[in-house]
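Residues per chain, in single letters:
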Amino acid sequence: MDMSKVLEIESALRQLPTQDQWEVARWLLEALEERTGTAANGQNGGSVPTLPDYAARRRRIFGDKVIPNMVLAGRSEERW
């Protein structure tokens, strides 16, 4: 779609009443959600990304060793 068509669509949407603009926006969001299979902005039943389990990874790499917090060790050596 070339840019002139996009601008024409945008200007036509701006001329609609506010209620009709909201209906078009809802329709577009639903169409995008169906197309991508996820909810826009993570709401309405969208899947939440799973974060990596850093503690499990650390245990897998280092075992049961206690690893010192190097930030705290560095701060203890600083002169305030």
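Values in this document were obtained by computation on a predicted structure and should not be read as measured data.

(A) Expanded view of the overall build of the protein. When helices and strands are tallied, the protein shows 4 helices and 0 strands. Going from N to C terminus, the protein has its helices and strands arranged as α-α-α-α. The buried share of the protein, reckoned over its 80 residues, is 2%. As displayed, the protein has an accessible area near 7,900 Å², and 57% of this comes from carbon and sulfur atoms.

(B) Highlighting the pattern of salt bridges. This model, assessed by the stated rule, comprises 1 salt bridge. Across the pair Arg-14 and Glu-10 runs a salt bridge, and its minimum N-O distance is 2.8 Å. Taken together, the residues Arg-14 and Glu-10, both in helix H1 (residues 3-15) and 4 residues apart, mark about one turn of the helix. The class of Glu-10 is partly exposed, set by a relative accessible area of 34%.

(C) How the structure looks around helix H4 (residues 70-77). With 0 of 8 residues buried, H4 is to be regarded as a mostly surface element. Sitting at the amino-terminal end of H4 is Asn-69, which places a side-chain oxygen 3.1 Å from the backbone nitrogen of Val-71.

(D) Highlighting the confidence of the model for the protein. Averaged over all residues, the pLDDT of the protein is 81; the fraction at 70 or higher stands at 86%. By mean pLDDT, H4 is the weakest element of the protein at 81, and helix H2 (residues 18-36) is the strongest at 89.

About the thresholds
- Residues numbered from 1 in each chain as written.
- Predicted model: local features only at pLDDT ≥ 70, side-chain atom pairs only at ≥ 80, totals over all residues.
- Heavy atoms only, no water.
- Helix = DSSP H or I, 4+ residues; strand = E, 2+ residues; numbered from the N terminus.
- Buried < 20%, exposed > 50% of the residue type's maximum accessible area, 1.4 Å probe, protein only.
- Areas by Shrake-Rupley, 256 points an atom, 1.4 Å probe, with all protein chains shown as cover.
- Salt bridge = Lys/Arg side-chain N within 4 Å of Asp/Glu carboxyl O.
- Polar contact = N/O pair within 3.5 Å; in protein donor to acceptor, adjacent residues only side chain to side chain.
- pLDDT = per-residue confidence, 0-100.

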